[in-house]
Amino acid sequence: MLSSRTRLIFGSIAIVVTGITCLSAAPAKANSKPPCTFGTWTLVHKATSSRSSADDWAKRSGVTGVKVTIGKHYASFSFEGSTREYATGLMNGEEYSWNAIYRGRLKIRVKIDGLSKGLISFSGKSASGNATFQSVSTSPERRTNPVRSLVDDLRKGQPESMTPSTGRFACSKKQLVIRENYNMLGNKFSNTLTMRRVP
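Quantities reported herein were computed from a predicted structural model and do not represent experimental measurements.

K.L.:
Hey, could you go over unusual backbone geometry for me, with residue numbers and the actual values?
P.N.:
Omega for the bond connecting Ser139 with Pro140 falls within 30 degrees of zero, at 10 degrees, which places this linkage in the cis form. By secondary structure assignment, the location of Pro140 is in the loop between strand 9 (132-139) and strand 10 (143-144). Phi angles above zero are rare outside glycine, and Val63 is one such case at about 60 degrees. The residue Val63 is located in the loop between strand 2 (56-62) and strand 3 (67-70) in this model. For Val63, a relative accessible area of 0% translates into the label buried.

K.L.:
Just give me the short version of the pattern of salt bridges, but keep the residues and values in it.
P.N.:
Within this structure, the stated rule accounts for four salt bridges. The salt bridge involving Glu85 is made with Lys46; its shortest N-O contact spans 2.7 Å. Taken together, the residues span a long stretch of sequence, with Glu85 in strand 5 (residues 85-91) and Lys46 in strand 1 (residues 39-53) at a distance of 39 residues. Via salt bridges that share partners, Lys46, Arg60 and Glu85 belong to a single interconnected network.

K.L.:
Tell me about the nonpolar core, and please be specific about residues and values.
P.N.:
In this structure, Ile70, Phe77, Phe79 and Leu106 are the most contacted members of the largest nonpolar core, which totals 30 residues. Looking at which element gives the most residues to this core, the answer is strand 7 (residues 105-114), with four residues. Apart from the residues within four sequence positions on either side, Ile70 is in contact with Thr37, Phe38, Gly39, Trp41, Ala75, Val110, Ile112, Ile120 and Leu176. Core analysis: the second largest hydrophobic core is formed by six residues, Ala87, Met91, Tyr96 and Ala100 among them.

K.L.:
I'd like a rundown of the pairing of strand 8 (residues 117-129), residues and numbers included.
P.N.:
The pairing of strand 7 with strand 8 spans eight bridges and is classified as antiparallel. Directly across from Ile112, in strand 8, lies its bridge partner Ile120. A loop of two residues connects strand 7 with strand 8, the two strands running antiparallel in sequence. Pairing of strand 8 with strand 12 (residues 167-171), which is carried by four bridges, proceeds in the antiparallel orientation. Bridge pairing in strand 12 links Gly118 to Phe169.

K.L.:
Break down the confidence of the model for the protein for me, with residues and values.
P.N.:
On average, residues of the protein carry a pLDDT of 86, and 84% of them reach 70 or more. The low-confidence segment residues 1-29, where pLDDT is below 50, has 52 contacts with residues more than four positions distant or belonging to other chains.

Parameters and conventions
- Residues numbered from 1 in each chain as written.
- Predicted model: local features only at pLDDT ≥ 70, side-chain atom pairs only at ≥ 80, totals over all residues.
- Heavy atoms only, no water.
- Helix = DSSP H or I, 4+ residues; strand = E, 2+ residues; numbered from the N terminus.
- Buried < 20%, exposed > 50% of the residue type's maximum accessible area, 1.4 Å probe, protein only.
- Salt bridge = Lys/Arg side-chain N within 4 Å of Asp/Glu carboxyl O.
- Core = buried A, V, L, I, M, F, W, Y, C linked by side-chain atoms within 4.5 Å.
- Contact = heavy atoms within 4.5 Å.
- Pairing = 2+ DSSP bridges.
- pLDDT = per-residue confidence, 0-100.

Listed below in structure tokens is the structure:
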């Protein structure tokens, strides 16, 4: 959110899944049970990190209180009332920190493969709504950046850790956890979103 490099640090990368079809297999019966992910959730914990060396790492947390409603084809995010996101890191031996506030609403196409666990992906190019964010650099110098459209950035293909391109999920009646762990361009990435079901 501060620069193209900083946004790349927390980018998502698609996971390609290859299926093998057995010619003698009987046709699968349709499963009428909906995925556990369907419903409304609130974000209670977010942990995002990356590392390429001792002199290049970053961590992000916060943004609790985001409401996420997941359906068959779309997910809706409401950032109203959510807390700030906080980031700290070290780049080329220099420490930095910033925070950001999200506001507005976002609608985005979602694809789910699995019932209580499996793969979940969000299509940034399908984003719509009025969701925005504004970041404030606090170190090494204080700077307030202009308000940006989260929807416009997603449509342009810019990554966003709140909407992973592809992640693995596990959910129960009360909790949904989405995780990404991968390597890209010499960096190790980890992103975990933990949500609680809204009654």
